[in-house]
Amino acid sequence: IQESASGYKTMEAWLLHMEEYGEQLKQQAQNLGERDLNCVALMTMHSSKGLEFPAVILYGVRKNSIPLEYFKNRKAGSGPEEGDPEAGLQEERRLFYVGMTRAKEELVLLTSGEPSVFLSELPEEALLRETVRGPGETGMKQLSLFDFM
């Protein structure tokens, strides 16, 4: 992400590019229709509006990512919320809702570090929490191509 954003002078310019790219992906997905359902679609939450998928994975649902830290530090006149951090937070909440509601059958929310404040707003009875152990904690070793040479 950092590499793709490095060519843009402002966050707004990069977000606009990503939104346009997302629209292209959305159009491609709609053109595919029912022809190829055995594929993975990688897109932004913005570009997922209007689409549905059997399973959705939202990665990085952690503090300062969702909601994006950017909205907490906005200056007056820097965008549609005109510096109102609460309006930015509400927009991020709506976007998170859009991402979650794209899932028809299964929704997976992945977090690391300190979880997003939005996760605490979800009903606990609707969640199945799992903790994944790190590589050193399982006693298992990841195979390497060089193990077979």
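Computed from a predicted structure; not experimentally measured. (Residues numbered from 1 in each chain as written. Predicted model: local features only at pLDDT ≥ 70, side-chain atom pairs only at ≥ 80, totals over all residues. Heavy atoms only, no water.)

Take the overall build of the protein next. Check the secondary structure of the protein and you find four helices and two strands. In the protein, the succession of α and β elements from N to C terminus is α-α-β-α-β-α. In the protein, the share of contacts with a sequence separation of at least 24, taken over all contacts with a separation of at least 6, comes to 62%. About 11600 Å² of surface is accessible on the protein, with carbon and sulfur atoms providing 56% of the total. (Helix = DSSP H or I, 4+ residues; strand = E, 2+ residues; numbered from the N terminus. Contact = heavy atoms within 4.5 Å. Areas by Shrake-Rupley, 256 points an atom, 1.4 Å probe, with all protein chains shown as cover.)

On to the environment of Phe 118, then. Relative to the elements of secondary structure, Phe 118 occurs in the loop between strand 2 (103-110) and helix 4 (135-138). Separated by 22 residues in the primary sequence, Phe 118 and Phe 96 have C-alpha atoms spaced 8.2 Å apart. Other than its neighbours up to four places away in sequence, Phe 118 contacts Ile 66, Pro 67, Leu 89, Glu 92, Arg 93 and Phe 96.

Okay, the nonpolar core next. Listed in full, the 11 residues of the largest apolar core are Met 45, Val 56, Leu 58, Val 61, Ile 66, Leu 95, Phe 96, Met 100, Phe 118, Leu 119 and Leu 122. Elements with a contribution of two residues or more to this core: strand 1 (53-59) and helix 3 (85-100). Examining the composition of this core, we find that three residues originate from one element, helix 3, more than from any other. Other than its neighbours up to four places away in sequence, Leu 58 contacts Met 45, Phe 96, Gly 99, Met 100, Leu 107, Val 108, Leu 109 and Leu 110. (Core = buried A, V, L, I, M, F, W, Y, C linked by side-chain atoms within 4.5 Å. Buried < 20%, exposed > 50% of the residue type's maximum accessible area, 1.4 Å probe, protein only.)

For the protein, the mean per-residue pLDDT works out to 79, and 81% of the residues sit at or above 70. Mean pLDDT in the protein bottoms out at helix 4, which sits at 68, and peaks at strand 2, which reaches 93. (pLDDT = per-residue confidence, 0-100.)

Moving on to the pattern of salt bridges. Here the idea is simple: oppositely charged side chains can pair when their charged atoms come close. Under the counting rule described, the total for this entry stands at four salt bridges. Put simply, Glu 121 and Arg 93 hold a salt bridge, and the shortest N to O gap is 2.7 Å. Of the two residues, Glu 121 sits in the loop between strand 2 and helix 4 while Arg 93 sits in helix 3, which places them 28 residues apart along the sequence. The partly exposed category is assigned to Arg 93, whose relative accessible area is 23%. Between Glu 124 and Arg 129 there is a salt bridge, with the nearest N and O atoms lying 3.0 Å from each other. According to the relative accessible area criterion, Glu 124 is partly exposed, its value standing at 48%. Residue classification places Arg 129 among the exposed residues on the basis of a relative accessible area of 54%. (Salt bridge = Lys/Arg side-chain N within 4 Å of Asp/Glu carboxyl O.)

Together, Ile 57, Tyr 59 and Leu 110 line one region of the surface with nonpolar side chains, adding up to about 360 Å² of accessible area. Relative accessible area serves as the criterion here: at 37%, Leu 110 is assigned to the partly exposed category. (Patch = residues over 30% accessible without salt bridge, like charges linked within 9 Å, V, L, I, M, F, W, Y side chains within 5 Å.)

In this structure, Val 117 sits in the loop between strand 2 and helix 4. Sequence separation between Val 117 and Lys 63 is 54 residues; the distance between their C-alpha atoms is 6.7 Å.

Turning next to the side chain of Ser 47. In this structure, Ser 47 sits in the loop between helix 2 (11-32) and strand 1. A relative accessible area of 1% places Ser 47 in the buried class. Among the polar contacts listed, one links the side chain of Ser 47 to the backbone oxygen of Thr 44, at a separation of 3.0 Å. If sequence neighbours within four positions are ignored, Ser 47 has contacts with Gly 22, Glu 23 and Lys 26. (Polar contact = N/O pair within 3.5 Å; in protein donor to acceptor, adjacent residues only side chain to side chain.)

Attention now moves to the side chain of Ser 116. Within the fold, Ser 116 resides in the loop between strand 2 and helix 4. A relative accessible area of 3% places Ser 116 in the buried class. Setting aside residues no more than four positions away along its own chain, Ser 116 makes contact with Val 61, Arg 62, Lys 63, Ile 66 and Pro 67.

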